[in-house]
Amino acid sequence: MKVFRSHILLCGGTGCRASGSLAVKKALTEELAKKNLSDEMKIVETGCQGFCAMGPIMVVYPDGIIYMLVQPDDVPELVEEHFIKGRPLERLLYKEPTTEEVIPTMHEIPFFANQELRVLKNRGIIDPERIDEYIARDGYAGMAKALTEMTPEEIIQEVLDSGLRGRGGAGFPTGLKWKFAAGSRGDIKYVLCNADEGDPGAFMDRSVLEADPHAVLEGMVIAARAIGSHHGYIYCRAEYPLALTRLNIAIEQATEYGLLGKDILGTGFDLDLEIYQGAGAFVCGEETALMTSIEGKRGMPRPRPPFPAIAGLWEKPSVLNNVETLANIGQIILKGSAWYNSIGTERSKGTKVFALTGDVNNVGLVEVPMGTTLGTIVFDIGGGIPNGKRFKAAQLGGPSGGMIPLEHLNTPIDYERVAELGSIMGSGGMIVMNEDMCPVDMARFFMDFCQDESCGKCTPCREGTKRMLEILTNICEGRGQEGDIELLEEMAGIIKDSALCGLGQTAPNPVLSTLRYFRDEYEAHIKDKRCPAVVCTALFKSPCQHACPIGMDVPSYIALIRAGRLEDAYKVMLRTNPFPSVCGRVCDHQCQSKCRRGTLDEPVAIKFLKRFITDNANRLKVDPVPVTRKEKIAVIGAGPAGLTAAKDLAIRGYQVVAFEELPEPGGMTRYGIPSYRLPRNILKDEIDDIKALGIEIRCNTRVGRDISFEKISEDFDYIYLAPGAHKSQKMRVEGEDMEGVFGGVEFLRDFNINEETWLKGEKSLGSQVAVIGGGNSAIDAARVARRLGVDVTILYRRFRQDMPAAKEEIEAAEHEGIKIEYLVAPLKIIGKDGKVAGITCQRMKPGDFDSSGRRRPVPVEGSDFTLNVDSVVAAIGQTPDLSFVPEDSGVSVNKWSYFDVAEGSKSQSTSEKFFAGGDAVTGPWTVVGAISGGHQAAVDIDQAIRNKNGEFPYEAPPEEKIEIPLEIDEDTEEQPQAKMPELDNTERRSNFDEVELGYTLETAVEEAKRCLRCDVEI
Amino acid sequence: MDKNISLTIDGKEVTASPEQTILEVARENGIYIPTLCHYEGTTNPGACRVCVVEVENARSLVASCCMPVSPGMVVKTDTKRVMDARRLVIELLWASGDHNCLKCEKNGNCELQDLIYLMKIDKPRFEIESPGYEIEDANSMIRRDLNKCILCGRCVRVCSEIRGNGVIDFSMRGSQTKIVPAFYNDLIDSECEFCGACVQACPVGALTFKQARFGGRPWEVQKVKTTCPHCGAGCQMELWINKDRIGAVYGIEDDNTENRGQLCVKGRFGLDFVHSEERLTKPLIKKNGGFKEASWDEALDLVASNFKKIKEKHGSDALGGIASSKSTNEDVYLFQKFIRVCLGTNNVDFCTRFCHTPSAVALSRAFGGGAMTNSMRLSEKADVILISGLNLTEMCPVPGALTKHLVTFDNLKLIVVDPRRIKIIDNAEVWLSPKIGTDVAWTNGMMNVIINEDLYDHDFVERRTEKFDELKEVVSRYNPQKVKEITGIPKEKIIEAARLYAKAGRASILYGMGETQHIYGTDNVSALCNLALLTGNMGKEGTGVNTIAKQNNGQGAGDMGCLPPIYPGGQQVSNPEINKKFEKAWGTKLSMKPGITESDMVITKGKVKGLYVVGGNPMRSGPNLNNIEETMEDMDFIVVQDMFLTETAKVADVVLPACSFAEKDGTFTNTARFIQRVRKVIDPVGESKSDWEILCELSRKMGYEWNYSHPKEIMDEIASLTPPYGGVSYDRLENGGIRWPCPNNDHPGTPYLWKEKFNTASGKGVFFPADYNPPAELPDEEYPFIFSTVKELCHLHTGSYTRYSKALAELSPDDLLGVNPSDAEKLGITDGDDVKVSSRRGEIMIGVKISDRIPEGTVFSTFHSSKIPVNVLTIDALDKLAKTPELKICAVKVEPV
């Protein structure tokens, strides 16, 4: 046998072929020949390696160096560097997506390291077209044992003992199935292999057939021996040409070797195998339909009984096993049931192969022990969700299955647990979905699939899925009605209960599953005509507008920028947003995360463009609105929620008085957000515009201190409570009350009120500060501290990607020299002389997943360490301070210190007279969230008044007509977002000037041109 | 079926047998479960799901139609869960299509409508959406409105499972699913045979009778049960009559019928000949070479006077009568009585002379009676059926379909012998394709193998046969090699067929005119009789030698004595005692001299001077037509009694308009001896009359006074004189047919013949071995092709009435010459070309149909059309015993034109 210096295992699976592995092979062959290396290096075309997203994949042995995304152009360099100079080519090696660490060898890559290969043990190692390579890795040894040493009963017992269950999805014990067929009388019996893999996103079987076809053949011979069959069929979909080719080669070679056909291994046992190509009907994966199809008829399921073990193919006893099931058999026989069932859970033994697809970094094929958690598969093996999006759910079992949502990431995947969660194991398709998944749309998609693939035989499936699809489509398109959900549930129940075959019986599963976990999103579609995931296009003009809590008409103002009509753009913004310049700076811009442009290159810089308008448009003169209504309204808290409500109510003709505890209005925007992010004058201009409508703002007036709650109740007809959340949460560690320990918001507020004092050094954090937390307040506090010249360390107990703060804020903080320690939690504050001297922390390690879908930090025993600091800012969260609300006021406050909202209302408190909104209802949220709360309250208060008076609902005066220009570029070229010019880093440290400098007109127009104008129907 | 398990349905303890379904048991016990896709006689697909029930411990609801019962099962059919599911299914079906009853032919007879009403559903919760399909009715028979289709699949199953055709199937998927013929054609462009079984099976208005459209709603029509007038199968049908017109036609789904609900295109759609504009409505008298309408009196007077004149001048035997296999028993009985009594001669015959008489001769001499020994129904008990010279699916389509069904679903095996690859060969285990005219040889060959391999039934041969040694001696000369030389059938095939037939527990033989229309037709049938006797396949269910008569009453006309040597019931005219019996009964002196056959009358010139033809058409059905024309023109006086002006009627002196089967009462006896009622459904067309009425009037004019007021009285007379019909009366026939022999009122009829003994002198079956002899005329250089006449699905006989059916004419307008592709190539002809075909006797012009079902060197043609006198080609060489012409073989040449 010829010996080579090195083996190059090039993946020849369908995925890698599609990404060009054959061209790479050709280039490699030529290059090796050119360099006279053909005798030293051997190229082996293997089956699928599983890591399909990174294909073409190449593994070089003996070192096991793995290259990814190899292209023919890379070959000369690769040969030169690796095969001649012996230096692995780094740029083609794997980089861990989160840490960006380069990992050269296969077994170290988490994708591979966390897998347990049994079914796929030969993948990427052997040439599937050479039977010798299979045999060299114990191939056909299990079969030999079964045929020469075991009776059929013993074979069945071994499989029974192994606990192997059908990998096609239903999980019926394989040994039991064989036992029934073996006990069934008949001179002719059939063994059948179900390779009609049809779930969207599933490619496990294809991969096994392509990578290790003999494993399936071996399993079939053993099955045949066990039940006494001499003829078998492999029903493989015709869309798998490579699998078919390799199966054919395998059958030919096995027959030639006497491992198939007549007198196998001289034992006298015969088995002929034939391949039957399916014609692409999903239902043909259903066992009776599959058999009907082999019989040459239209693939339609038939009723059971009779069960296939009694009367299957051509009414003869038949056993049908899935590819993966069969691929397990040889090893079970060879190594014994005890070996097999040593891994897995109590009732689900062995491993399961999953086709991991969807919104996950490492799309590919993975094999894990039964009982591996969903989180491990998605985050460790799968590498998490791309583009910083959040995991929302994983669909198991394709259109017959259901979703496992975020809150069940810790679920060990086995047949029972998955079923308990309303999903099914299925054949192993695992589609990962991120926050952009709309469950209604997804249910509609799967229902559409089932409706298309329904064979049309039984009424519940044929007509029922059609009607369910109709209802789902209606909901997705804004025509959902009250009662739709109940009708869906009723139909789902009946269809499951009455359909003829598995296809129909499981078709309602995605609907039931999404209803189980995302009913609120269904309701949002039906009642509010909103798609919270911003997917159902019929419900909105453009995704950005729909994603915006206040529905800002983004495409219009961007189009107006492009046309140079900045005043019109400003007017458009003011229609929905009283604080556009604030939002242009500090908004969390949900709009951008849903921007369609983002699917091409990067989202349009909506936030920056918004700011550009407010920076550059001439401010419009605001005239007072005459008071036309007798009702007087008080607003408590002059933050964005309160002022928005005040403005809306004033426009409607009400007299409004706002009460503000702090010296100036603005709430958290004034006292929480530092001025380098939001300059004071900008904020003041916008608040002045609101005041100009005729609204009185009484500052330095705390309700309950400066004016009594009762007095306000008497003086005003309606009161809007919007006091915000201005109290930091406690860390609950020892020493927390010591001098030098600040709450995050308290620190920021104090700084913003007493800026001079701080700047002069009359107030100080010392020279070193630890900021605890990972949210925006923590970053704000850290960056303010940094500007005060303090050495800042942020301590965060989770990973960086888990930080709630805006990514750009974190980067800016680092940029400014702030240290961030991850996986660290405070244990106690160490004091000296009653003042902070240090903080003792503990290292954390990631544990299981919490309800937010992030790894729960778990303390590492004995990892305590102490940082010497002069002060500590604890910015781990805020709560409202609602102590001003008397207990007998009828306004109820819940255990998280938020206002309760009356049932059926979005803003009315439990008292008819009081409405509430902003952070004091929602918990700490965004500015735009508070604005939306203000709008809501104004509408609700006005409506309450009019209802009470028996008046017609408010009709807004007609808006000024603003023509929105339509200019669309015919060709869209990839072009990233325009950069925001920033203040130089050295300048930043010493002052509180605004860091982001704003777009120039030219940049803004260019950026505006990137808008794809999804709002326009052409 | 042992009812050995017990279960509970709706709290009621019931017993059942394990092979029963929940549905069957529930129905037996009076518990209603609705169904839609369930259709008796087909597999249960469990598709519609309206029959779902709750079974304790079952994971989900189960379809009761396909769930077998099991001991201790607890079934609930009326829980809320069940009702909710049913209701949803009905709502979904309702909303799925254009179920608008206002203009639906099924209104009042629709199973979906029934269920909606029963379940009290006001309206579906879903928007009613018609798929918007075009109506498919490019044919004149079946209207397919798939907007009303509920996809129960009954039509698909009845087509594939019962009819064995599989013309339609589901296509597309999901809610687009649609039932279509191949390539989405209209049925007329598919392989559809238009048996209409799908229409009958359809529970809703998706498939309806186009001919019956707007022809009366279910509650407006009169529904009459009668017997199909077309082929010899004797299918029972229910005609829907409105305003004297036949509308929808349903097969009667009763186990005591031969057809059990099935019909063929002729019965289903081919009854419209009754309403043809071309029906004769008045008697016609020929004057100056043309016909003039006349009154009945005038015409009958002329007939009577001419018959009297000839009788006086040339004697009674110068007169003759040819009866029809289509008339009722009562009509043909009276006809032979008329010939024998009023004309005084036994010169009475019927059209079977040209087709099946060799059967009568051979069966009679072997067994003692010339009828089908078993029945089509009894073929169900056979393990093997040998079909020879019989295009079963076209000749006798309903039994053909049921046979195919048994092959598919019941392990029946077929041996088919036919030079053409006829359709049933697709279902055959063995196909023997002999050269035409070599039947004795292959049959002897099979017996040679059976005897050599000792596969014959020693016991049966010993106990129940005679002349075995003679048989043995003759067949010993026919080893497979020799047979191959004569017949062209490979040796192995002969051996395979012989073994299959001989080893079968029960083997039946069905044969047709491929065996009989030869100069050695009698030998051919005898050979088959020998085969059956040799293997003991006689005298039990599922066996026998079964001749398939092509016409509806071919058997009855023979039974009724329309044969020159015999009275009704096979009683010899030459037997003095018999003669005396009839003379007494009929009150007149009768001739003891056996009469002459139809062949003698129309082929040999001068044998008769006066001829009375009822319903026959020798001018198209006889051999060597030019000669027959001369013979008939030579006669002094010819009367033809028919529904239409046939070619034979055209040469008559008087034409009498006769009623169709729909306008009279009577009985038909089918090919399997099954006597069934024909009922009057409409009034006679024009002045036409029933044969029996005409004969009564004519008898009066001939000096006899027959006063029958209703055919039932004639049947009473038949019963009194005809032993096998002794127990037959209209009262008994009211509830279904009787299979003769039925000697007395208490006798239940006889399912199969010769159970204990044969009706021969010795009581044993007699072997009549024969050697192979060549046909009368074989191809030569000048006339290189064998020409053979055949029948096809849509027409019968000379098409003398089927071609007046619009539907049948649409499906099969013309006679065509079937030619093998390689012959066609040699001749330089293509499909649809006209060719000249000539024999030593005449020539025709005919269109060509090229088919690989046709063997090389042989051309085939039907003879159903009036336009092409196909039989000018055929030879009038006769079987010496049966006097049946060799219509199956003559030599022709084919020339392109």
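Thresholds, definitions, all that
Residues numbered from 1 in each chain as written. Chains lettered and ligands numbered in written order. Predicted model: local features only at pLDDT ≥ 70, side-chain atom pairs only at ≥ 80, totals over all residues. Heavy atoms only, no water. Helix = DSSP H or I, 4+ residues; strand = E, 2+ residues; numbered from the N terminus. Rg over C-alpha atoms; globule rule 2.2 N^0.38 Å. Buried < 20%, exposed > 50% of the residue type's maximum accessible area, 1.4 Å probe, protein only. Contact = heavy atoms within 4.5 Å. Areas by Shrake-Rupley, 256 points an atom, 1.4 Å probe, with all protein chains shown as cover. Lys, Arg positive; Asp, Glu negative; His and termini not counted. Charge placed at Lys NZ, Arg CZ, Asp CG, Glu CD. Core = buried A, V, L, I, M, F, W, Y, C linked by side-chain atoms within 4.5 Å. Pairing = 2+ DSSP bridges. Axes fitted to C-alpha atoms, helices over the stretch in contact; angles between N-to-C directions. Polar contact = N/O pair within 3.5 Å; in protein donor to acceptor, adjacent residues only side chain to side chain. Salt bridge = Lys/Arg side-chain N within 4 Å of Asp/Glu carboxyl O. Parallel < 35°, antiparallel > 145°, perpendicular 65-115°, else oblique. Left-handed = near helix turned anticlockwise from the far one by under 90°. Nonpolar A, V, L, I, M, F, W, Y, C, P; charged D, E, K, R; others polar. Patch = residues over 30% accessible without salt bridge, like charges linked within 9 Å, V, L, I, M, F, W, Y side chains within 5 Å. Right-handed = clockwise from strand over helix to strand, strands pointing away.

**Quick word on the overall build of chain B**
Here is step 1: When its secondary structure is counted, chain B shows 29 helices and 37 strands.
Here is step 2: The C-alpha radius of gyration of chain B comes to 28 Å, within 12% of the 29 Å expected for a compact globule of 897 residues.
Here is step 3: Each principal axis of the C-alpha atoms in chain B carries an extent, and together these give about 90 × 70 × 65 Å.
Here is step 4: Residue burial in chain B is summarised as follows: out of 897 residues, 65% are buried.
Here is step 5: Sequence-distant contacts, at least 24 apart, represent 72% of the contacts inside chain B between residues at least 6 apart.
Here is step 6: Surface accessibility of chain B: about 31,500 Å² in total, with carbon and sulfur atoms responsible for 48%.
Here is step 7: Looking at chain B, you have 107 positive and 120 negative side-chain charges, and the mean spots of the two groups are 2 Å apart.

**Quick look at the overall build of chain A**
Here is step 1: Scanning chain A for helices and strands turns up 41 helices and 32 strands.
Here is step 2: Projected onto the principal axes, the alpha-carbon positions of chain A cover approximately 100 × 70 × 60 Å.
Here is step 3: Looking at chain A residue by residue over its 1018 residues, the buried ones come to 60%.
Here is step 4: Considering only intrachain contacts with a sequence separation of at least 6, the fraction spanning at least 24 residues in chain A is 70%.
Here is step 5: With the model as given, the accessible surface of chain A reaches about 39,600 Å², and the carbon-plus-sulfur share is 49%.

**What about the nonpolar core?**
Here is step 1: Leu 192, Met 491, Val 511 and Tyr 522 of chain A together with Leu 112, Ile 387 and Leu 510 of chain B are the most contacted members of the largest nonpolar core, which totals 167 residues.
Here is step 2: The element that contributes the greatest number of residues to this core is helix α2 (residues 80-95) of chain B, accounting for nine residues.
Here is step 3: Not counting chain neighbours up to four residues away, the residues in contact with Leu 192 of chain A comprise Met 220, Tyr 233, Leu 290, Met 291, Ile 294, Leu 313, Ser 318, Val 319, Leu 320 and Asn 321 of chain A.
Here is step 4: In terms of nonpolar packing, the next biggest core, distinct from the first, is built from 70 residues, Leu 609, Tyr 720, Ile 962 and Ala 978 of chain A among them.

**Notes on the sheet that holds strand β17 (residues 632-636) of chain A**
Residue and element names in this part refer to chain A.
Here is step 1: The strand order β19-β18-β17-β20-β32 describes an open sheet built from five strands, whose pairing is parallel. Edge strands, defined here as strands with exactly one partner in the open sheet, are β19 (696-698) and β32 (914-916). Averaged over all adjacent pairs, the angle separating strand axes in this sheet is 20°, with direction ignored.
Here is step 2: Strand direction decides the pairing type here: β17 and strand β18 (residues 655-659), joined by five bridges, are parallel.

**A closer look at the side chain of Thr 376 of chain A**
Residue and element names in this part refer to chain A.
Here is step 1: By the secondary structure assignment, Thr 376 is in helix α16 (residues 374-381).
Here is step 2: Classification of Thr 376 as buried rests on a relative accessible area of 19%.
Here is step 3: Polar side-chain contacts of Thr 376 include one of 2.7 Å to the side chain of Thr 373.
Here is step 4: Sequence-distant contacts of Thr 376, that is, excluding residues within four places in its chain, are made with Ile 381, Gly 382, Phe 849 and Arg 855.

**Remarks on the interface of chain B and chain A**
Here is step 1: Listed by partner, the interface residues are 36 residues for chain B and 33 residues for chain A.
Here is step 2: Linking chain B with chain A are five salt bridges, by the criterion used here.
Here is step 3: A salt bridge links Asp 497 of chain A to Arg 81 of chain B; the nearest nitrogen and oxygen atoms lie 2.6 Å apart.
Here is step 4: For the pair chain B and chain A, the number of links is 17 residue pairs in polar contact (both at pLDDT 80 or more).

**Topic: the packing of helix α8 (residues 329-343) of chain B against helix α26 (residues 711-721) of chain B**
Residues and elements named next belong to chain B.
Here is step 1: As a packed pair, α8 and α26 sit with axes 9 Å apart at the nearest point and diverge in direction by 65°. Between α8 and α26, the angle is such that the two are roughly perpendicular. α8 and α26 meet at a crossing whose hand is left-handed. Of the residues in α26, those touching α8 at Asn 329, Glu 330, Tyr 333, Leu 334 and Lys 337 are Pro 711, Ile 714, Met 715, Glu 717, Ile 718 and Leu 721.
Here is step 2: Across the contact of α8 with α26, the residue classes break down as seven nonpolar, one polar and three charged.

**Considerations on unusual backbone geometry**
Here is step 1: For the bond from Gly 55 of chain A to Pro 56 of chain A, the omega torsion is -5°, close enough to zero to count as cis.
Here is step 2: Mapped onto the secondary structure, Pro 56 of chain A falls in the loop between β2 (41-46) and β3 (58-61).
Here is step 3: For the bond running from Pro 305 of chain A to Pro 306 of chain A, omega is 5°, close enough to zero to count as cis.
Here is step 4: Tracing the backbone shows Pro 306 of chain A in the loop between α12 (287-294) and α13 (308-311).
Here is step 5: Residue Tyr 184 of chain B is not a glycine yet carries a positive backbone phi of 60°.

**Observations regarding the pairing of strand β37 (residues 890-896) of chain B**
Note on strand geometry: in a regular strand, side chains alternate between the two faces of the sheet.
Here is step 1: Looking at chain direction, strand β32 (residues 785-790) of chain B and β37 of chain B are connected through three bridges and run antiparallel. Following the sheet pairing, Ile 786 of chain B is matched in β37 of chain B by Ala 891 of chain B.

**With respect to the packing of helix α30 (residues 640-651) of chain A against helix α39 (residues 927-949) of chain A**
Residues and elements named next belong to chain A.
Here is step 1: Packing of α30 against α39 brings their axes to within 7 Å, and their N-to-C directions diverge by 35°. The two elements α30 and α39 cross, and the hand of that crossing is right-handed. Within the contact between the two elements, α30 uses Pro 640, Ala 641, Thr 644, Ala 645, Asp 648 and Leu 649 and α39 uses Val 927, Ala 930, Ile 931, Gly 934, His 935, Ala 938, Ile 941 and Asp 942.
Here is step 2: Grouping the constituent residues of the contact of α30 with α39 by class yields nine nonpolar, three polar and two charged.

**Examining a negative patch on the surface**
Here is step 1: Where like charges cluster on the molecular surface, the negative patch consists of Glu 710, Glu 714, Glu 887 and Asp 888 of chain A.
Here is step 2: In this fold, Asp 888 of chain A is placed in the loop between β31 (878-879) and β32.

**Details of the pairing of strand β23 (residues 768-772) of chain A**
All names here are of chain A.
Here is step 1: Among the five residues in β23, four count as buried, and that is most of the element.
Here is step 2: When β23 meets strand β24 (residues 791-795), the two strands line up parallel, connected through five bridges. By the bridge assignment for β24, Gln 768 is matched with Asp 791.
Here is step 3: Once you follow β23 into helix α36 (residues 776-787) and on to β24, the crossover reads as right-handed.
Here is step 4: Relative to strand β30 (residues 871-874), β23 runs parallel, the two being bridged by four bridges. Within the sheet, the bridge partner assigned to Ile 772 lies in β30 and is Ala 874.

**Focus: the environment of Asn 194 of chain A**
Residues and elements named next belong to chain A.
Here is step 1: The topology assignment puts Asn 194 in strand β7 (residues 190-195).
Here is step 2: By relative accessible area, Asn 194 is classed as buried at 12%.
Here is step 3: Distance from Asn 194 to Arg 800, taken between C-alpha atoms, is 45 Å for residues 606 residues apart in sequence.
Here is step 4: Setting aside residues up to four positions removed in sequence, Asn 194 forms contacts with Asp 205, Tyr 235, Gly 285, Leu 290, Leu 320, Asn 321, Asn 322 and Val 323.

**Some remarks on the environment of Phe 884 of chain A**
Residues and elements named next belong to chain A.
Here is step 1: On the secondary structure map, Phe 884 appears in the loop between β31 and β32.
Here is step 2: Owing to a relative accessible area of 9%, Phe 884 belongs among the buried residues under this scheme.
Here is step 3: C-alpha separation for the pair Phe 884 and Arg 702, spaced 182 residues apart in sequence, amounts to 8.4 Å.
Here is step 4: The residues contacting Phe 884, other than those within four sequence positions of it, are Ile 636, Arg 702, Val 703, Phe 709, Leu 721, Pro 723 and Phe 899.

**Some words on the sheet that holds strand β1 (residues 6-11) of chain A**
Residues and elements named next belong to chain A.
Here is step 1: Across the sheet, which stays open at both edges, the four strands sit in the order β2-β1-β3-β4 with mixed pairing between neighbours. Only two strands of the sheet have a single neighbouring strand rather than two, namely β2 and β4 (65-67). Across the sheet, the mean angle from the axis of one strand to that of its neighbour is 20°, orientation sign disregarded.
Here is step 2: Pairing analysis gives three bridges linking β3 to β4, with the strands arranged antiparallel. Bridged to Met 58 within β4 is Tyr 67.
Here is step 3: Packed on one face of the sheet, helix α2 (residues 21-34) meets β1, β2 and β3 and runs near 170° to β2.

**A look at the environment of Ile 495 of chain A**
Residues and elements named next belong to chain A.
Here is step 1: Note on placement: Ile 495 falls in helix α20 (residues 484-498).
Here is step 2: Between the C-alpha atom of Ile 495 and that of Thr 506, which follows or precedes it by 11 residues, the distance is 8.4 Å.
Here is step 3: Once residues within four sequence positions are removed from consideration, Ile 495 is found in contact with Pro 460, Gly 464, Thr 465, Met 468, Gly 504, Gln 505 and Pro 508.

**A few points about a nonpolar patch on the surface**
Residues and elements named next belong to chain A.
Here is step 1: Taken together, the side chains of Leu 966, Ile 968 and Ile 1018 make up a nonpolar region of the molecular surface, amounting to roughly 350 Å² of accessible area.
Here is step 2: The topology assignment puts Ile 968 in the loop between α39 and α40 (985-990).
Here is step 3: Of the residues examined, Ile 968 reaches a relative accessible area of 40% and is grouped as partly exposed.

**Topic: the side chain of Asp 523 of chain B**
Here is step 1: Structurally, Asp 523 of chain B is set in helix α18 (residues 521-534).
Here is step 2: Excluding residues within four positions of it along the chain, Asp 523 of chain B makes contact with Arg 365, Val 440 and Ala 770 of chain B.

On their own, these measurements won't tell you what the molecule is for.
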